[in-house]
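The chain contents come next:
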Amino acid sequence: QVQLVESGGGLVQPGGSLRLSCAASGSIFVINRMAWYRQAPGKQRELVAVISNGGVTNYADSVKGRFTISRDDAKKMVYLQMNSLEPEDTAVYYCNADIQSRMWSGLNPYWGQGTQVTVSS
């Protein structure tokens, strides 16, 4: 079974920084696309940033220039460096990855349990 576990959330003042981490474990043959989503109270879950297995990145317009997604395939980790945080960034942040668990299996999406990020003075 595959698991994704996020860490690094917390309370930060506007203008501050946080670094989220997500560790993948279990039966993993290949990790393809990895991404971070977020969901604020009363809003739909939205894509924040995505990184391909080739390292190509894409960001939501609202976080461009402030957030950076990266991955370490040897450690099966994905990170989200968040700078210049704003109250509007307050949300539960979820890690997502498309994973092939065995050589003969297809890609399946997996989600972490989420980590709370609160930006407030």
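See the structure shown above.
In this text, all values refer to a predicted model and were calculated from it rather than measured experimentally.

Visitor: What's the story with the side chain of N96 in this structure? I'm lost.
Guide: Following the sequence through the fold, N96 ends up in strand β9 (residues 91–100). Residue class for N96 comes out buried when judged on its relative accessible area of 3%. Within the structure, N96 has its side chain in polar contact with the side chain of R33 (distance 2.7 Å). If we ignore the near neighbours within four places in the chain, the residues touching N96 are L4, R33, M34, A35, Y37, P109, Y110 and W111.

Visitor: For this particular structure, what's the right way to read the pattern of salt bridges?
Guide: Oppositely charged side chains may form a pair once their charged atoms are brought near each other. Evaluated as defined, the whole model comprises seven salt bridges. Across the pair R38 and D89 runs a salt bridge whose closest N-O atoms are separated by 3.0 Å. A residue pair is termed long-range when its members are at least 10 positions apart, and R38 in strand β4 (residues 30–39) and D89 in the loop between β8 (77–82) and β9 qualify at 51 residues. For the pair shown, R38 and D89 are each scored as buried. Look at the salt bridges and you will find they share partners, linking R38, E46, R66, E86 and D89 into a network.

Visitor: Even after reading the chapter, I still don't get the sheet that holds strand β3 (residues 18–25), so can you show me in this structure?
Guide: Whenever strands of a sheet pair, they do so through backbone hydrogen bonds, lying parallel or antiparallel. Pairing in this open sheet of four strands is antiparallel, and the strands run β1-β3-β8-β7 from one edge to the other. Each edge of the sheet is formed by a strand with only one pairing partner; in this case those strands are β1 (3–7) and β7 (67–72). Neighbouring strand axes in the sheet, compared pairwise and without regard to direction, differ in orientation by 15 degrees on average. Taken together, the six bridges between β7 and β8 define a ladder with antiparallel strand orientation. Considered in β8, the bridge of D72 is made with M77.

Definitions and cut-offs
Counting of residues starts from 1 at the beginning of each chain's written sequence and follows it residue by residue. A pLDDT threshold of at least 70 governs which residues receive local features in this predicted model, and a stricter bar of 80 or more applies before side-chain atom pairs are shown or counted, although totals over entire chains, interfaces and linings include all residues. Note: side-chain values were computed over all heavy atoms of the structure, leaving out hydrogens and water. Working definition: helices are DSSP H or I runs of at least four residues, strands are E runs of at least two. Numbering for both runs from the N terminus. Note on classification: 1.4 Å probe, protein chains only; a residue is buried when its accessible area is under 20% of the maximum for its type, exposed when over 50%, partly exposed between these limits. In protein, a polar contact means a hydrogen-donor-capable atom and an acceptor-capable atom, both N or O and within 3.5 Å, with residues adjacent in sequence counting only if both atoms are side-chain atoms; elsewhere, any N or O pair within 3.5 Å suffices. Working rule for contacts: check all heavy atoms of both residues, and any pair within 4.5 Å makes them a contact. Salt bridge, as used here, is a side-chain nitrogen of Lys or Arg placed within 4 Å of a carboxyl oxygen of Asp or Glu. We call two strands paired when DSSP finds no fewer than two bridges between them. All axes here are fitted lines through C-alpha atoms, helices being fitted over the stretch that makes contact, and every angle between N-to-C directions spans 0 to 180 degrees.

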